[in-house]
Amino acid sequence: MDRRFFFVFICCQLFAISFRALAQEKDTLFLRNGQIMVGKLNSISLGIIQFDDMDLSVQNIKYHKIKTIKAGMATFRIQTIDEAVYYGVLKPSTNYGEVIVDDGVVSKPYPIVNIFNLVSLEKKFIKKIKGTVSLGYSYTKSSDIGRTNIDWNLRFTEQKYQVEFVGSFIFTNNQGVKTRDRESVGLGGYYNLNSVLVAGLGLNYQRNIELGLASRIQQAVGFGRRFLFKSNLQGTLSSGAVINQERSLEGNSSGNLYEIPLQFKLDYFHYAAPNLSFTVFPKAFFGLKQNGRKRFDGETRVNWEVISNLDLGLQFYASYDSQALEGSNTNFDYGIVFNVGYKFK
């Protein structure tokens, strides 16, 4: 009796050990040149596979270099260019440039280039935060003017929703006189209604002394539609409703102001070296009961990933207000910002 009990106990222990080893089996990239990378698949987006290799740290690998992928360490949210969404894993295929998407119910082969977006649904909170923090500074001795810019773009992803925290600050030190020229902070939450439609809520703060704006607090709600489902090109068009509370540099407050927004975001990645990414993000606002007031905020960003985790960025921004506030001599502002950033992966 004791021997049989001991035998069953040993078998159960061996089974448990084998099960844990299987569950912890590393993800694997099979490259076309025959090389094999072992580690953890982080994401697929804009033509780039982000893979945390056991020996080489985080690597960004282009689609066309991959033969197939095996990834089952985590559950992934997988979105394909035929507008399907799966929650599952990737299994290797015998065909070059192909994987098998398995959600536990359906197994379907897909060319890797047809995977529009893949994110790992991490269990640890800190690992779910991705993005970039950047810093820039310029100084001219002849005029004794220094200019500092800080910029961040962080996102937290779950199975059905995403939270974004973005911001930028530009400060000027003109012969000892410090001014806060332009500030923007935004917190937004987005819920995936299906593979193409998204609903969102946002809370934003803005400051622009060129336009006479001391502060603007903005609450927004809206819906968007994704389109341009390409491996290196993604776009979203959205609209909704906005409520603003503004204060001018002269100290005058506006009360509640209502607007209809229309915004478009386009992301493009350049496959060939150097690793460049482009983002175009124009936003138009049409005032309700504000004597035809129209506003525009837009930016274009170019980022070059010099080495892993290090970005060089160039940002072009422009703002327009058909009814500039008191304290401003113009209704148009624009600028160019250069910065160096660290990328969270």
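Attention here is on the structure that accompanies the text. (Residues numbered from 1 in each chain as written. Predicted model: local features only at pLDDT ≥ 70, side-chain atom pairs only at ≥ 80, totals over all residues. Heavy atoms only, no water.)

1. So, the pattern of salt bridges
Move 1: Tallying each qualifying case throughout the model produces nine salt bridges.
Move 2: Residues Glu-183 and Arg-180 are paired through a salt bridge, measuring 2.6 Å at the closest nitrogen-oxygen approach.
Move 3: Of the residues examined, Glu-183 reaches a relative accessible area of 4% and is grouped as buried.
Move 4: We note a salt bridge from Asp-321 to Arg-293, for which the minimum N-O separation is 2.5 Å. Linking Asp-321 in strand E20 (residues 310–321) with Arg-293 in the loop between strand E18 (276–288) and strand E19 (294–307), this pair joins segments that are 28 residues apart in sequence. The same class applies to Asp-321 and to Arg-293, which are both buried.
Move 5: Linked by salt bridges that have partners in common, Arg-216, Glu-246, Arg-293 and Asp-321 make up one network. (Salt bridge = Lys/Arg side-chain N within 4 Å of Asp/Glu carboxyl O. Buried < 20%, exposed > 50% of the residue type's maximum accessible area, 1.4 Å probe, protein only. Helix = DSSP H or I, 4+ residues; strand = E, 2+ residues; numbered from the N terminus.)

2. Re the nonpolar core
Soluble, globular proteins show a tendency: their nonpolar side chains are buried together.
Move 1: Of all hydrophobic cores here, the largest spans 24 residues; its most connected members are Leu-29, Leu-41, Ile-49, Ile-69 and Leu-90.
Move 2: Secondary structure elements with two or more residues in this core: strand E1 (27–31), strand E2 (36–45), strand E3 (48–53), strand E5 (66–80), strand E6 (85–92), strand E7 (98–102) and strand E9 (115–120).
Move 3: With sequence-adjacent residues up to four places away left out, Ile-69 is seen in contact with Thr-28, Leu-29, Leu-41, Ile-44, Ile-49, Leu-90, Lys-91, Pro-92, Val-99 and Ile-112. (Core = buried A, V, L, I, M, F, W, Y, C linked by side-chain atoms within 4.5 Å. Contact = heavy atoms within 4.5 Å.)

3. Topic: unusual backbone geometry
Move 1: A positive phi angle, near 50°, is found at Gln-175, a position not held by glycine.
Move 2: In this structure, Gln-175 sits in the loop between strand E12 (161–174) and strand E13 (177–192).
Move 3: Of note, the phi angle at Asn-291 is positive, near 55°, even though the residue is not glycine.
Move 4: Take Asn-291: it is sitting in the loop between E18 and E19.
Move 5: Of the residues examined, Asn-291 reaches a relative accessible area of 76% and is grouped as exposed.

4. With respect to the packing of aromatic side chains
Move 1: Counted by the stated rule, this structure contains seven aromatic pairs.
Move 2: Ring centres of Trp-152 and Phe-169 lie 5.8 Å apart, and the angle between their planes is 25°; on these two criteria the pair is classed as stacked. Remark: Phe-169 occurs in strand E12 and Trp-152 occurs in strand E11 (residues 145–157); sequence separation between them is 17 residues. Accessibility assignment for this pair places Trp-152 and Phe-169 in one class, buried.
Move 3: Seen in terms of ring centroids, Phe-227 and Phe-264 are 5.8 Å apart; in terms of plane orientation they differ by 20°. Their pairing is stacked. A residue pair is termed long-range when its members are at least 10 positions apart, and Phe-227 in strand E15 (residues 213–227) and Phe-264 in strand E17 (residues 253–270) qualify at 37 residues.
Move 4: Exposure remark for Phe-227: the relative accessible area of 26% places this residue in the partly exposed category.
Move 5: Grouped by ring-pair contacts, the aromatic residues Trp-152, Phe-165, Phe-169 and Phe-171 constitute a single cluster. (Phe/Tyr/Trp six-rings, centres within 6.5 Å; stacked < 30°, edge-to-face > 60°.)

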